[in-house]
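Structure at a glance
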Amino acid sequence: MTVQLNDYSKIYDIAVIGGGINGAGIANDAAGRGLSVFLCEKDDLASHTSSASSKLIHGGLRYLEHKEFRLVREALAEREVLLAKAPHIIKPMRFIMPHRPHLRPAWLIRAGLFFYDHLGKREKLLGSNLIYFKEDSPLKPAITRGFEYSDCTVDDARLVVLNALQAKEKGAKVVTRTRCVKAYRQQELWHLELQSGAESYQIRAKALVNAAGPWVEEIISENLQLKSPYQIRLIQGSHIVVPKLYDCHKAFIMQNEDRRIVFAIPYLEQYTLIGTTDQEYLDDPQKVEITDVEIDYLLTVTNSHFKKQLTRTDIISQFSGVRALCDDESDNPSAVTRDYTLALQVEDKTTPLLSVFGGKITTYRKLAESALEQLGPFFTDMGEEWTANEVLPGAENWTTLEDLVIKIQNQVAGVTEQLATRWANAYGSRVWGILHERKALEQLGQHFGHGLFESEVQYLCENEWANTAEDILWRRTKLGLAFDEKQVKNLESYLTGRRQKDDAA
Ligand SMILES: Cc1cc2nc3c(=O)[nH]c(=O)nc-3n(C[C@H](O)[C@H](O)[C@H](O)COP(=O)(O)OP(=O)(O)OC[C@H]3O[C@@H](n4cnc5c(N)ncnc54)[C@H](O)[C@@H]3O)c2cc1C
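Residues numbered from 1 in each chain as written. Predicted model: local features only at pLDDT ≥ 70, side-chain atom pairs only at ≥ 80, totals over all residues. Heavy atoms only, no water.

A closer look at the overall build of the protein chain
A tally of regular secondary structure across the protein chain gives 13 helices and 20 strands. The globule rule puts the C-alpha radius of gyration for 505 residues at 23 Å, and the 23 Å found for the protein chain is close to it. Along the first, second and third principal axes, the C-alpha set of the protein chain runs to 70 × 60 × 40 Å. Looking at the protein chain as a whole, 59% of its 505 residues qualify as buried. Partitioning the contacts of the protein chain with sequence separation of at least 6, the portion at a separation of at least 24 is 71%. One finds the centroid of the 60 positive side-chain charges in the protein chain at a distance of 3 Å from the centroid of its 69 negative side-chain charges. (Helix = DSSP H or I, 4+ residues; strand = E, 2+ residues; numbered from the N terminus. Rg over C-alpha atoms; globule rule 2.2 N^0.38 Å. Buried < 20%, exposed > 50% of the residue type's maximum accessible area, 1.4 Å probe, protein only. Contact = heavy atoms within 4.5 Å. Lys, Arg positive; Asp, Glu negative; His and termini not counted. Charge placed at Lys NZ, Arg CZ, Asp CG, Glu CD.)

A few points about the UniProt feature "domain: FAD dependent oxidoreductase" (unreviewed entry) in the protein chain
In this structure's numbering, the residues bearing the UniProt feature "domain: FAD dependent oxidoreductase" (unreviewed entry) are residues 13–332. Taken end to end, residues 13–332 is 24% helix and 33% strand, and its first and last C-alpha atoms sit 40 Å apart. (UniProt positions renumbered as here; feature names shortened; annotations may be inferred.)

Regarding the pairing of strand E13 (residues 261–267)
Counting buried residues along E13, seven of its seven residues qualify, which places the element largely inside the surrounding structure. Of the two faces of E13, both are covered, the one formed by Ile261, Phe263, Ile265 and Tyr267 as well as the one formed by Val262, Ala264 and Pro266. Two elements, strand E12 (residues 251–255) and E13, share four bridges in a ladder whose sense is antiparallel. Its bridge partner being in E13, Phe252 is matched across the sheet by Ala264. Between E12 and E13, which pair antiparallel and follow one another directly, the connecting turn spans five residues, one of which, Arg259, has a positive phi of 75°. Of the pairings in the sheet, the one linking E13 to strand E14 (residues 271–275) comprises five bridges and is antiparallel in character. Its bridge partner lying in E14, Phe263 is registered against Gly275. Connecting the antiparallel pair E13 and E14 is a turn made up of three residues, with Leu268 showing a positive phi of about 50°. (Pairing = 2+ DSSP bridges.)

Here we look at the pattern of salt bridges
Scanning the model with the defined rule gives 37 salt bridges in all. Of the charged contacts in the structure, one is a salt bridge between Arg70 and Asp339, with a shortest N-O distance of 2.8 Å. Placement of Arg70 in helix H2 (residues 69–85) and of Asp339 in the loop between strand E16 (317–326) and strand E17 (341–347) is noted, with a sequence separation of 269 residues between them. We classify Asp339 as buried; its relative accessible area is 13%. Because the salt bridges share partners, they merge into one network encompassing Asp44, Arg177, Glu470, Asp471, Arg475 and Arg476. (Salt bridge = Lys/Arg side-chain N within 4 Å of Asp/Glu carboxyl O.)

A short note on the site of the ligand
Among the 38 residues in the neighbourhood of the ligand, the closest are listed as Glu41, Ser50, Leu56, Gly359 and Thr362. Between the ligand and the protein, one listed contact pairs an oxygen atom with a backbone N or O atom of Gly359 at 2.2 Å. Contacts to the ligand include Lys360, whose side-chain N or O atom sits 3.4 Å from a nitrogen atom. Against a free-state accessible area of 1000 Å², the protein chains account for coverage of 97% of the ligand. Looking at the shell around the ligand, the elements with two or more residues in it are helix H1 (21–32), strand E8 (179–186), strand E11 (232–243) and E16. The element contributing the most residues to the shell around the ligand is E16, with three residues. (Near = heavy atom within 4 Å. Polar contact = N/O pair within 3.5 Å; in protein donor to acceptor, adjacent residues only side chain to side chain. Areas by Shrake-Rupley, 256 points an atom, 1.4 Å probe, with all protein chains shown as cover.)

A word on the UniProt feature "domain: Alpha-glycerophosphate oxidase C-terminal" (unreviewed entry) in the protein chain
Taking the numbering used here, the UniProt-annotated feature "domain: Alpha-glycerophosphate oxidase C-terminal" (unreviewed entry) corresponds to residues 387–482. Secondary structure across residues 387–482 divides into 46% helix and 5% strand, with the first and last C-alpha atoms of the span separated by 35 Å.

Focus: helix H9 (residues 417–427)
For H9, the set of buried residues is Leu419, Ala420, Arg422, Trp423, Ala424, Ala426 and Tyr427. Where the residues of H9 are buried, they touch helix H4 (156–169), helix H8 (401–411), helix H10 (432–435), strand E20 (452–453) and helix H11 (454–463). After H9 finishes, the residue Gly428 shows a positive phi value of roughly 55°.

Observations concerning helix H7 (residues 364–375)
Helix length check: H7 (twelve residues) gives 16 Å between terminal C-alpha atoms against 16 Å at 1.5 Å per residue, within 8%. Within H7, the full set of buried residues consists of Tyr364, Arg365, Leu367, Ala368, Glu369, Ala371, Leu372 and Leu375. (Expected span 1.5 Å × (residues − 1).)

A short note on the pairing of strand E9 (residues 189–196)
Where a strand is regular, its side chains alternate between the two sheet faces. The element E9 is largely enclosed, with a buried count of six among its eight residues. Remark: two residues form the turn of the hairpin made by E8 and E9, two consecutive strands paired antiparallel; Gln187 in that turn has positive phi of roughly 45°. As paired strands, E9 and strand E10 (residues 199–210) are joined by seven bridges and run antiparallel to one another. By the bridge assignment for E10, Ser196 is matched with Glu199.

A short note on the domain arrangement of the protein chain
Per the domain assignment, the segments of the protein chain are domain 1 (5–48 + 158–231 + 338–378), domain 2 (85–155 + 233–335) and domain 3 (401–504). On a C-alpha basis, the centroid separation for the pair domain 1 and domain 2 is 32 Å. At the junction of the two partners, domain 1 supplies 17 residues and domain 2 supplies 20 residues. A buried area of about 1400 Å², summed over both sides, lies between domain 1 and domain 2, and 58% of it is on carbon and sulfur atoms. For domain 1, the biggest contributors to the area lost against domain 2 are Pro214, Gln231 and Arg338; these three give 39% of the whole. (Domains from an automatic or database assignment. Buried area = accessible area lost by both parts, 1.4 Å probe.)

Considerations on the environment of Ala324
Inspection of the secondary structure assignment puts Ala324 in strand E16. Each C-alpha atom of the pair Ala324 and Gly480 lies 27 Å from the other, and the pair is 156 residues apart in sequence. Excluding its chain neighbours within four sequence positions, the residues that come into contact with Ala324 are Gly213, Pro214, Ile232, Arg233, Leu234, Phe357 and Gly358.

Looking at the side chain of Glu456
With respect to the secondary-structure elements, Glu456 resides in helix H11. Look past the residues within four positions of Glu456 in its chain and what remains in contact with it is Arg422, Trp423, Tyr427, Ile434, Gly451 and Thr477.

Comments concerning the environment of Gln446
Here Gln446 is to be found in the loop between H10 and strand E19 (447–449). The exposure class assigned to Gln446 is partly exposed, which follows from its relative accessible area of 32%. Gln446 sits 45 residues away from Leu491 along the chain, and the two C-alpha atoms are 9.9 Å apart.

A look at the packing of H1 against H4
Contact geometry of H1 with H4 gives a least axis separation of 8 Å together with a crossing angle of 25°. For the element pair H1 / H4, the angle class is roughly parallel. Between H1 and H4 lies a crossing of left-handed hand. For the pair formed by H1 and H4, the contact residues are Ile21, Ala24, Gly25, Ala27, Asn28 and Ala31 on the first element and Leu159, Val160, Asn163, Ala164, Gln166 and Ala167 on the second. The residue makeup of the contact of H1 with H4, split by class, is eight nonpolar, four polar and no charged. (Axes fitted to C-alpha atoms, helices over the stretch in contact; angles between N-to-C directions. Parallel < 35°, antiparallel > 145°, perpendicular 65-115°, else oblique. Left-handed = near helix turned anticlockwise from the far one by under 90°. Nonpolar A, V, L, I, M, F, W, Y, C, P; charged D, E, K, R; others polar.)

Next comes the structure, spelled out in structure tokens:
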């Protein structure tokens, strides 16, 4: 999607750099308060850290050990707020922590879980309890008891897209594959120079939000030629995906000998997601990739807990991301604060620049509220906070996902329960934007494989900024795990044809 050059005549209230969860969340909050908003993302929405997370909406049990009480309290409370806002993409999950007395005594874990149960408001999520493992446990026989508590899982990339979509529906202009190459203050306005393919153009805004994640510091020093108020540390984290490691629909939180924890999480019905790691990263964030050391680490922790032993050949997929954490000078990468810091820089009482350092997916909504609170004095007509009570796109007009699945199957002949469930979980009620009045699978156009039809691809291109096969297969859906090379090529050539038609029109 490109912006007309005449956009220069318009003065936006806020320009946001970065289409990860923090940029999309801030753009959405601002647009909903009546501000005019522009957001640019240099690649695809959620194409960096925000699609490489452990996909948890969680208080962060282990952060209690690092005394991050503010963060844990806020994150715990956000679990239920976000669950109500997007129940199609966010689901409650029980977590089992096998007890390993030589790593942490039972009293310490009980105390942590007591805080976890009571620190944030909890209505839907169950509290914690002690459990004993029987012979049928997937864990090694030496592990006989553990603790169980609640958190949530989320489709991280779709959470970003839904925020961008809601922002657009509230009037924001969101452009992807558009890099902010430079920004400067002139006559009480921010001027942004943007590059989209071969096209360059400028836009102007009263305030600038720098939500560039791992690039936040680089944007300030190189693109804005200013001094960064904070330094960040880039901490790489990686995950592997293996065939379902065990049968129950619960996650495991494994304690490792180095006192770190690693999750094994049920993923997309057929798989288990295992992660994450914490290691200092000094290279270009664009190039981050899982290392052999990380793979060995994840396999070793998992194999020390589960009866089923994994080898490298079990790994179906892997991904890596970079946390941009505010440097608190911790020696240990896993101890660096996970809390966020917002930095406001103002010149002559105008042209605020707000930069986001750190942050969790879980706390994106509160982070956006804090950002808007800091920008409030520059926009005195701005509306009130609203995001706690309004659902995200797709969460409207259905009571249970089971009902929605039945409705889909009743309308479109030939749709399997598996396909209807995938659609319901990804799109909620927005699925009707894909299906319209169509009554049979054959009316959904070309089939690219594994239940991906042309009408879904069209919906994603027209409404959700999808452009390439990778956008569709790895971020808008997770069908990339099922598609083979030939199917990917076929989808890519369809999309190329579509883009050529669009360019010619
Ligand atoms: C391994 C790992 C596991 C995690 N697990 C969890 C979890 O389970 N739960 C949780 O709550 N949090 C988790 N997190 C943290 C969470 O993922 C991040 O805090 C969050 O995604 C950061 O989002 P962001 O928007 O700040 O950054 P990003 O998602 O990286 O977005 C920044 C965007 O800015 C864009 N950009 C940069 N420069 C420019 C430019 N010049 N012009 C235009 N665009 C630009 C980039 O392309 C990028 O898309 C995890 C993080 C990691 C790495």
